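# Descriptive analysis of the structure
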Amino acid sequence: MAYSKEKSRICVIGAGASGLPSIRHALLYGFDVVCYEAQADIGGLWRFNPEATEYSSVMRSTVINTSKEFTAYSDFPPLPEEPNFMHNTRMPNYMKSYAKHFKLENHIKFEHKVMNIFRAENYGKTGQWDVRVRDLRTGKETTNRFDGVLHCTGHHALPHSPAPFPGQKKFRGRMMHAHDYKDWRGFENQSIIVIGVGNSGCDIAVELSRVAKQVHLVSRRGTWVFNRIHDYGRPVDCARYTRLNSAVKEILPSSLANAAVKRQLNRRFDHELYGIKPDHDVMAAHPTINDELPNRIANGSIKIRPHIRRFCGDNVEFSDESVAEAVDTIIFATGYTVCFPEIEAGKLVKVANNQVDLFQYIFPIYLPHDTLGIIGLIQPFGSIIPISEMQSRLVLATIAGDSKLPGRADRLAIMSRKVAEMSQRYIKSRRHTVRVDYLPYMDELASIIGCDVPSWYSHLPHDLPMAHRSLTAPHAAYFYRLSGPHAWDGARAAIMGIEQRITAVGN
């Protein structure tokens, strides 16, 4: 359904990594856009908050797992002097620079919390939404009507904890979720159990291993551990995510590709020897990225433990009958529960064990109008930020009438196919319900929007350097601004400058 671009009003909820590009592209489409942000500044999850609040934030020491080039927005390359893997203090600065450059803050209402999003009484005809907002400074609530809503608050809001282990309720020490962990202070000289070997669990275990008496890292099924740095010091994503590598991957049998990656990972450290080798293939689970974990296991400050069997007072027994004695603290790094309590009181977007009824992980499947988009509800092999930007572009193009989504039956068939593919590829887990691969997913959305990346040979013979870069350069988001809606005239220069920005940090 098409709307008048001049009159349409767009609501963006959240001024974090997903909300900012949503504002940016809404403005490019000529929409009247308002963004509500519950906190007092932009940055969302990436703005470290030392206080315990309902809002998630990174740890004080968090460094991004994806390189600056793959974390950048499609028309705002990072500065050459920025490190390839930015500390969390640098990420809000990058976002603020982006917001300032495109004057996005003029459209953000800070300390305004969205209380409810519900279909307007004329929704059937117009696809419009009513958004009830509370001004946290005054307590006043207002309801405003919009032609489209982009929900950009992420999925790290409701901490998930497993069912209690036998004897857990009698444990006298401290129990907490990774959501509430800020830094190492207060954990000195303790015996600590961290449950979960995802990125948060391993980051916490590594940090605490420097000050704790002992850290026990519980791994139910093991994990493959990647390093941020690839051969010759290049960022691993810049080395892997190229068109050439993608083409080779399509040709090679998956068994050969998995075997090659496993050999490379085990050359760094033998996962079986270190007690963390999983039974599943490398690409069958979300990757754990940690540069220091092998060293901390090797020096004994972290002990890998299997699944917890039971609590015995302050002691914890594991499934191999080993025991951690006199445990002081248990930290559950067990992920989050996907939920949308503010969208029609949590009843509109159905979630079952983190499985969501969203077409392309964006559009609620049973709504007649595509005027509500969930942005950033994905766990990618690759960076989430450019994917969130692409999702927002698709939602806005759809509201503007510039893209054509498939019909209901085709959507259901595509969703069914994706579920089947995920069940075959990934181990069964709550965290693998919204898995996407960076390049295929970006290409899929781009084809709907009409911003497909030109083939490498289309640059021949007039632009040989660009033809070469199209095959071998890290396939960052700039490629998706070469053509199509709102093509950016700086995209080629941004692509040609990738290598210089990567290597500038060593100068």
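Residues numbered from 1 in each chain as written. Predicted model: local features only at pLDDT ≥ 70, side-chain atom pairs only at ≥ 80, totals over all residues. Heavy atoms only, no water.

Assigned secondary structure in the protein consists of 15 helices and 26 strands. At 23 Å, the protein has a C-alpha radius of gyration in line with the 23 Å of a compact globule built from 507 residues. In the protein, which comprises 507 residues, the proportion classed as buried is 53%. Put simply, 69% of the contacts in the protein that link residues at least 6 apart link residues at least 24 apart. Split by element, the accessible area of the protein, about 22000 Å² in all, is 52% carbon and sulfur. Positive and negative charge centroids in the protein, built from 62 and 52 side chains respectively, lie 2 Å apart. (Helix = DSSP H or I, 4+ residues; strand = E, 2+ residues; numbered from the N terminus. Rg over C-alpha atoms; globule rule 2.2 N^0.38 Å. Buried < 20%, exposed > 50% of the residue type's maximum accessible area, 1.4 Å probe, protein only. Contact = heavy atoms within 4.5 Å. Areas by Shrake-Rupley, 256 points an atom, 1.4 Å probe, with all protein chains shown as cover. Lys, Arg positive; Asp, Glu negative; His and termini not counted. Charge placed at Lys NZ, Arg CZ, Asp CG, Glu CD.)

What follows covers empty space enclosed by the protein. Counted according to the given criterion, the structure contains 1 cavity of 30 Å³ or more. If you go around the largest cavity, the residues you meet are Ser 74, Pro 386, Glu 389, Met 390, Arg 393, Met 442, Ala 477 and Tyr 480. With 4 residues, the single largest contributor to the lining of the largest cavity is helix α10 (residues 384–399). Considering only residue class, the lining of the largest cavity consists of 5 nonpolar, 1 polar and 2 charged. (1 Å grid on protein atoms, 1.4 Å probe; cavity = no way out; pocket = protein on both sides within 12 Å on 5 of 7 lines; lining within 4 Å. Points joined across faces, edges and corners; volume = space filled by probe spheres on them. Nonpolar A, V, L, I, M, F, W, Y, C, P; charged D, E, K, R; others polar.)

What follows concerns the state of the cysteines. Tallied over the full model, the rule gives 0 disulfides. Its sulfur unpaired, Cys 339 is 16 Å from the next cysteine sulfur, which belongs to Cys 152. (Disulfide = S-S within 2.5 Å.)

What follows covers helix α8 (residues 254–268). With 15 residues, α8 should cover 21 Å at 1.5 Å per step; its first-to-last C-alpha distance of 22 Å lies within 8% of that length. When α8 is considered as a whole, its buried residues turn out to be Asn 258, Val 261 and Leu 265. Buried residues of α8, seen end-on, are gathered within an arc of 70° and therefore sit on one face of the element. Residues of α8 that are exposed and point over 90 degrees away from its buried face: Ser 255, Arg 263 and Arg 267. Looking at the buried side of α8, the elements it contacts are β12 (225–226) and α6 (236–240). (Expected span 1.5 Å × (residues − 1). Arc of directions from axis to C-beta.)

Here the focus is the side chain of His 271. Considering the arrangement of structural elements, one finds His 271 in the loop between α8 and β13 (288–289). Note on His 271: relative accessible area 0%, which makes it buried. For His 271, the side chain forms a polar contact with the main-chain nitrogen of Val 225, separated by 3.0 Å. (Polar contact = N/O pair within 3.5 Å; in protein donor to acceptor, adjacent residues only side chain to side chain.)

Of all the residues in helix α13 (residues 464–472), the buried ones are Met 466, Ala 467 and Ser 470. End-on, the buried residues of α13 take up no more than an arc of 105°, which puts them together on one face.

In this section: a nonpolar patch on the surface. Taken together, the side chains of Leu 244, Val 248, Leu 252 and Leu 256 define a hydrophobic patch exposed on the protein surface, amounting to about 320 Å² of accessible area. Note on placement: Leu 244 falls in helix α7 (residues 243–251). (Patch = residues over 30% accessible without salt bridge, like charges linked within 9 Å, V, L, I, M, F, W, Y side chains within 5 Å. Salt bridge = Lys/Arg side-chain N within 4 Å of Asp/Glu carboxyl O.)

Okay, the packing of aromatic side chains next. One pass over the full model with this rule turns up 18 aromatic pairs. When the centroid spacing of 5.4 Å and the interplanar angle of 85° are considered together, the rings of Phe 70 and Tyr 438 count as edge-to-face. Placement of Phe 70 in helix α2 (residues 68–71) and of Tyr 438 in helix α12 (residues 438–449) is noted, with a sequence separation of 368 residues between them. As far as burial versus exposure is concerned, Phe 70 and Tyr 438 are alike and both buried. Centroid distance Tyr 241 to Tyr 438: 6.0 Å. Interplanar angle 50°. Geometry classified as tilted. Placement of Tyr 241 in the loop between α6 and α7 and of Tyr 438 in helix α12 is noted, with a sequence separation of 197 residues between them. With relative accessibility at 1%, the residue Tyr 438 sits in the buried group. Grouping aromatic residues by their ring pairs yields a cluster made of Tyr 73, Phe 76, Tyr 94, Tyr 98 and Phe 102. Over the ring of Phe 102 we find Arg 24, and its NZ or CZ is 3.6 Å from the ring centre. Across the ring face of Tyr 123, the terminal group of Arg 119 is positioned such that the distance to the ring centre comes to 5.8 Å. (Phe/Tyr/Trp six-rings, centres within 6.5 Å; stacked < 30°, edge-to-face > 60°. Lys NZ or Arg CZ within 6 Å of the ring centre and 35° of its normal.)

Right, let's get into the sheet that holds strand β5 (residues 129–135). The pairing of strands in a sheet comes from backbone hydrogen bonds and takes either a parallel or an antiparallel form. Strand order in the open sheet formed by 3 strands is β4-β5-β6, and the pairing between neighbours is antiparallel. The open sheet terminates on both sides in strands that have one partner only, identified here as β4 (112–119) and β6 (141–146). Strand-to-strand twist of the sheet, defined as the mean angle between neighbouring strand axes without regard to direction, takes the value 25°. (Pairing = 2+ DSSP bridges. Axes fitted to C-alpha atoms, helices over the stretch in contact; angles between N-to-C directions.)

What follows covers the packing of helix α1 (residues 19–28) against helix α3 (residues 90–101). At a minimum axis separation of 11 Å, α1 and α3 run at an interaxial angle of 15°. Overall, the two elements α1 and α3 adopt an arrangement that is roughly parallel. Between α1 and α3 lies a crossing of left-handed hand. The segment α1 lies against α3, with Leu 20, Pro 21 and Arg 24 engaging Met 95, Tyr 98 and Ala 99. Residue composition of the contact of α1 with α3, by class: 5 nonpolar, no polar and 1 charged. (Parallel < 35°, antiparallel > 145°, perpendicular 65-115°, else oblique. Left-handed = near helix turned anticlockwise from the far one by under 90°.)

In short, the description is geometric, and any link to function would need to be established separately.
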